[in-house]
Amino acid sequence: MMHYFHRATDGAVMHRRWIVGLLTIFTIDRQTQHIHARNNLSTNIINARRTMSPTKPNLQRVHSGGAMNPQDEGANPKKLPWLDDLRSKYSHQPVFLQAVEEMALAVEPLFEDPEDGAFYKKAFLYLTEPERIISFHVPWEDDEGNQHINRGWRVEFSSALGPYKGGLRFHPTVNDGLLKFLGFEQIFKNALTGLPLGGGKGGSDFDPKGKSDGEIRRFCESFMTNLCRYIDAATDVPAGDIGVGGREIGYMYGQYKRLSNKHGEGVLTGKSPYINGIQLRPEATGFGAVMIAQQAIEDKLNRSLEGARCAVSGSGNVAQHATQLLIRLGAKVVSISDSSGALAFPEGMTQDDWEQSIKAKQVKRARLSTLDATTTGTYYPGKSVWDITGDLGVDFAFPCATQNEIHKDHADLLMKTGCAGIFEGANLPVTAEGQDVFRANPKVLYIPGKAANAGGVGVSGLEMSQNASRTYWTREKVDRMLKDMMAGIYSQMKEGAGKDGTLEQGCNRAGFLRVAHALKDLGWVY
């Protein structure tokens, strides 16, 4: 079996060497500041641990659907009362509050530090408000000549570490609250990569399902016509997300080139290699999730992915490539899904099954239900993967679809059937109550999306560097960089967790500390 990782200590060393080499593309001053911040990170974590309590807080938060009732379980004012003002202002944005409260509880021991606690709390509150939110309309014309108008947003959350960086999502559920949640998570995810990247997110409530290529192109061109005045390689660099893949990025980049007369700039990432994109970018998020899972499984459980039964949800970019690498490593992928249902593979997904799913989603843009008769899988209409795991037997779970897809009942079922690890390919795919179930089982590995799906934005950062240096990097080189990056993130998680913490806590603390001290050095929080 091919091993994708060095030991954690070796990975950390390789990660630091790789960061130093990469940042030669940037200015000498910026390089010096970044290396200084990385060298201080271990000291910050060690100092912070002195005040950490081994007791794990029981987080109760809000769900993503519907308006929040202040009396609901997730809005309990007894939890973190210093966030009450934020809760009051944004009670209509429950999933954003969910992300904030999750992060606050993970880093809460830092606020009790006798020397720096007050600063950490001020830094955290500073980071709960985006630096700016841009909104605009997006008029476009369908194939029959009818005009439609959608809404577009860009949430530029934090530039403390570098230009705003985060994807664009096209989906009818998109609104400013959802994008604030995604942008907030992005800050700390980007920090863990070690790259000079700030956090942001954007998108539109446009629904690409059922649209022709011409309609998609016209919408993307209109969206970029409005967005282009706010983005730049040194200011804000969007990428893809749900509903935005290589096709959409290409259309938007084409419009940007027409409007700006600037060519070869890293103003968008996720581009095709034919238009100055980087090798391995489509695979990076899914591959990265499997890479960090492999390292944790080998390090913490002394087990292997070979022969392991792995449940994957979703069938978009992240799920496609997570399943690809899992199959390559000898795992048995027992499921994928889309919004209409789940496709189960009790004997494990074959290579031919995977290729058919890719053709259905990337070429035909069809539903998984069309594969019921042509693959070894069985289709369950109206079901999620997590509804049927009791019948499949799951060793490891890779939720790669969307936020809050795993509920408490799903989490209970996974624990009952012996699942030993959850690795989030999606952003915040587990509800508050579901996370509490996992936390109550300390032997279960739980790696949040800030770490598990950071490979995508990490390779996007490499694409920015490749564009800035006007060079071309081979697939093999990018693959090595991605492996070293994920090994470095895992090392940071372990170091942040210490003896009493979990990998989840270590992930959140390491990301927060890097951003907090950047805010201090910039004089933005004091």
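Residues numbered from 1 in each chain as written. Predicted model: local features only at pLDDT ≥ 70, side-chain atom pairs only at ≥ 80, totals over all residues. Heavy atoms only, no water.

Engineer: Before we go on, may I ask you to explain the pairing of strand 6 (residues 309-313) in this structure?
Structural biologist: Across a regular strand the side chains alternate sides, sitting on one face of the sheet and then on the other. Strand 6 sits mainly inside the fold: four of its five residues count as buried. In this structure, strand 6 lies alongside strand 7 (residues 332-338), joined through three bridges in parallel fashion. Bridging from a neighbouring strand, Cys-310 pairs with Val-333 of strand 7. Handedness of the strand 6-helix 10 (residues 317-328)-strand 7 crossover: right-handed. Here strand 6 pairs with strand 10 (residues 396-399) via four bridges, running parallel. Within the sheet, the bridge partner assigned to Cys-310 lies in strand 10 and is Phe-396. (Buried < 20%, exposed > 50% of the residue type's maximum accessible area, 1.4 Å probe, protein only. Helix = DSSP H or I, 4+ residues; strand = E, 2+ residues; numbered from the N terminus. Pairing = 2+ DSSP bridges. Right-handed = clockwise from strand over helix to strand, strands pointing away.)

Engineer: Even after reading the chapter, I still don't get the environment of Val-459, so can you show me in this structure?
Structural biologist: Its place among the elements puts Val-459 in helix 16 (residues 454-469). Sequence separation between Val-459 and Gly-270 is 189 residues; the distance between their C-alpha atoms is 8.9 Å. Once you skip the residues sitting within four places of it in the chain, Val-459 turns out to touch Ile-278, Gln-279, Arg-281, Ala-284, Val-478, Leu-482 and Met-485. (Contact = heavy atoms within 4.5 Å.)

Engineer: Would you mind showing me how to read the sheet that holds strand 7 here?
Structural biologist: Adjacent strands of a sheet pair through backbone hydrogen bonds, lying either parallel or antiparallel. Taken together, the seven strands give an open sheet; going across it, the order is 9-8-7-6-10-11-12, and neighbouring strands pair in mixed fashion. Each having just a single partner strand, strand 9 (378-381) and strand 12 (445-447) make up the two edges of the open sheet. Averaged over all adjacent pairs, the angle separating strand axes in this sheet is 15°, with direction ignored. Against the sheet, helix 9 (residues 281-301) contacts strand 10, strand 11 (421-423) and strand 12, and its axis sits at roughly 150° relative to strand 12. (Axes fitted to C-alpha atoms, helices over the stretch in contact; angles between N-to-C directions.)

Engineer: Looking at this structure, how should I read empty space enclosed by the protein?
Structural biologist: It is a probe the size of a water molecule, rolled over the atoms, that shows where empty space is left. Per the stated rule, a full pass over the model turns up one cavity of 30 Å³ or more. Considering only enclosed or pocket space, the largest cavity measures out at about 40 Å³ in volume. Forming the walls of the largest cavity are Gly-314, Ser-315, Ala-319, Gln-320, Thr-323, Ile-336, Met-349, Trp-354 and Ser-357. The set of elements that each furnish at least two residues to the lining of the largest cavity consists of helix 10 and helix 11 (351-363). (1 Å grid on protein atoms, 1.4 Å probe; cavity = no way out; pocket = protein on both sides within 12 Å on 5 of 7 lines; lining within 4 Å. Points joined across faces, edges and corners; volume = space filled by probe spheres on them.)

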